[in-house]
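# Structural description and commentary
Each chain, written out:
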Amino acid sequence: MKRRFRDLSAGEVLALAISLEEEDGRILQEFARILRPNFPKAAAGLDAMRAEEDSHRHRLVELFRKKFGEEIPLIRPQDVKGFVHREALPVWRPMGVEEVRRRVALLELETERFYSQAARQTSDAEMRQLLGDLAEEERKHEQVSALMDPAHQEASEREEEARISRQLFLLQVVQPGLAGLLDGSVSTLAPLFAAAFATRETWQTFLVGIAASVGAGISMGFAEALSDDGSLTGRGRPLLRGIICGFMTFLGGVGHALPYLIPHFLTATIVASIVVAVELVAIAWIRNRYMDTPFLSATMQVVVGGVMVFLAGILIGSS
């Protein structure tokens, strides 16, 4: 059962502060580890903040040993009602530098409020002085974290971080998504239109399209997730890439399968053909927008391949 903060003894307040500093230090260390490969300057700033948090812990432990002995009780933030809550780190997606900055600023603000409240609660002069000093130091950390905001950075540093963030977005989101969308849009054309012209039944064609889309999505998702762990290529977490690639593959295939819910075969086929054209143009636009491929070149590459698969499906289904 959680306890109220005001009911804690002086020793328990110190033990709680030690536990908080240990947790904050580990969080800052993890943030630095995440940012270090791509944002070394931001990681260095976090390393400096972590070193100061470690010095806070040493001062708290020394005071506890002086007043209460060698055995520090185990009391954690989650054991106290209304205590500062540390948002869990995402395990399925990468964290960007902007999100880390936001979390660090919130962490320092919450810790400063804790020390201020703890200092007001204690009647021991030495404890009150240390807790008040730590509150002031955390307030300075809060100011330092505010300086990490892009608005306070040099233009060259902002541009470099923006360039790296764009590169990571391309590697971790756009590339697997584009690969999935292209595969789903093109590879499912042949079975879908072969089934359409072989059966001329819209419901059966729809089932074939859905089956092809689901199968392609699962296959591409696993292939992308197992291709590499991202540690060397910087392509991010395999699970996230696999989900993005698999979903976009399914989306690319199901788009031209849905029109076959229309019961009239000719109408459904015309609508499906229009959807295919829109999908291919969208893929060409994405390649032009994010991959710096000339739009005409991208259109020719995608459309030629798509039309060939489209015609192959019709010919096979009509034979």
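Everything that follows concerns the structure shown earlier in this document.
Residues numbered from 1 in each chain as written. Predicted model: local features only at pLDDT ≥ 70, side-chain atom pairs only at ≥ 80, totals over all residues. Heavy atoms only, no water.

A few words on unusual backbone geometry. Even without being a glycine, Arg200 presents a positive backbone phi close to 55°. Tracing the sequence through the fold places Arg200 in the loop between helix H6 (189–199) and helix H7 (202–227). (Helix = DSSP H or I, 4+ residues; strand = E, 2+ residues; numbered from the N terminus.)

Throughout the structure, instances matching the rule amount to seven salt bridges. In this structure, the salt-bridge partner of Arg65 is Glu70, at a minimum N-O distance of 3.2 Å. Taking relative accessible area as the criterion, Glu70 reaches 60% and is therefore assigned exposed. As a salt-bridge pair, Glu126 and Lys67 come within 3.5 Å of each other at their nearest N and O atoms. Note that Glu126 is positioned in helix H4 (residues 125–147) and Lys67 in helix H2 (residues 40–68), a separation of 59 residues in sequence. Judged by relative accessible area, which is 31%, Lys67 ranks as partly exposed. Through salt bridges with shared partners, a single network forms among Lys66, Lys67, Asp124 and Glu126. (Salt bridge = Lys/Arg side-chain N within 4 Å of Asp/Glu carboxyl O. Buried < 20%, exposed > 50% of the residue type's maximum accessible area, 1.4 Å probe, protein only.)

Let us look at the nonpolar core. Membership of the largest hydrophobic core comes to 24 residues, with the highest contact counts inside it found for Phe5, Leu8, Leu16, Leu60, Phe114, Tyr115 and Leu131. Mapped onto this core, the elements with two or more residues apiece are helix H1 (10–35), H2, helix H3 (97–121) and H4. When residues in this core are grouped by element, the largest group, seven residues, is from H1. With 20 residues, the next largest nonpolar core counts Leu181, Ala196, Val276 and Ile283 among its residues. (Core = buried A, V, L, I, M, F, W, Y, C linked by side-chain atoms within 4.5 Å.)

In helix packing, the relevant descriptors are the interaxial angle and the interaxial distance, both defined with respect to the helix axes. Between H6 and helix H9 (residues 265–290), the least distance of the axes is 12 Å, while the angle of their chain directions is 165°. Relative to H9, the element H6 is oriented roughly antiparallel. Between H6 and H9 the crossing geometry is left-handed. Packed against H6, whose contacting residues are Leu189, Phe193, Ala196 and Phe197, the element H9 presents Phe265, Thr269, Ala272, Ser273 and Val276 at the interface. Residues belonging to the contact of H6 with H9 are distributed by class as follows: seven nonpolar, two polar and no charged. (Axes fitted to C-alpha atoms, helices over the stretch in contact; angles between N-to-C directions. Parallel < 35°, antiparallel > 145°, perpendicular 65-115°, else oblique. Left-handed = near helix turned anticlockwise from the far one by under 90°. Contact = heavy atoms within 4.5 Å. Nonpolar A, V, L, I, M, F, W, Y, C, P; charged D, E, K, R; others polar.)

As enumerated under the stated definition, the model contains six aromatic pairs in all. Arranged with centres 6.5 Å apart and planes meeting at 45°, the rings of Tyr260 and Phe265 form a pair that is tilted. For the pair Tyr260 and Phe265, a shared accessibility class is recorded, and that class is buried. Joined through ring pairs, the aromatic side chains of Phe193, Phe197, Tyr260 and Phe265 make up one cluster. (Phe/Tyr/Trp six-rings, centres within 6.5 Å; stacked < 30°, edge-to-face > 60°.)

It is worth spelling out the environment of Asn38 at this point. Here Asn38 shows up in the loop between H1 and H2. Residues Asn38 and Val97 lie 59 residues apart in sequence; the distance between their C-alpha atoms is 9.3 Å.

A few words on a nonpolar patch on the surface. On the surface, a cluster of nonpolar side chains totalling about 400 Å² of accessible area is made up of Trp203, Leu207, Leu258 and Leu261. With respect to the helices and strands, Leu258 occurs in the loop between helix H8 (238–254) and H9. (Patch = residues over 30% accessible without salt bridge, like charges linked within 9 Å, V, L, I, M, F, W, Y side chains within 5 Å. Areas by Shrake-Rupley, 256 points an atom, 1.4 Å probe, with all protein chains shown as cover.)

Before going further, it helps to examine the environment of Ser187. When you line up the elements, Ser187 lands in helix H5 (residues 155–187). Residues Ser187 and Gly253, 66 residues apart in the sequence, show an inter-C-alpha distance of 7.9 Å. Looking at Ser187, its side chain comes within polar contact range of the main-chain oxygen of Asp183, at 2.5 Å. (Polar contact = N/O pair within 3.5 Å; in protein donor to acceptor, adjacent residues only side chain to side chain.)

The next subject is the packing of H2 against H3. The N-to-C vectors of H2 and H3 enclose an angle of 20°; their axes lie 12 Å apart at closest approach. When the axes of H2 and H3 are compared, the pair comes out roughly parallel. The interaxial crossing formed by H2 with H3 has left-handed handedness. Along the contact surface, H2 presents Ala42, Leu46, Met49, Glu53 and Leu60, while H3 presents Val97, Val100, Val104, Glu108 and Tyr115. For the contact of H2 with H3, a count of residues per class yields eight nonpolar, no polar and two charged.

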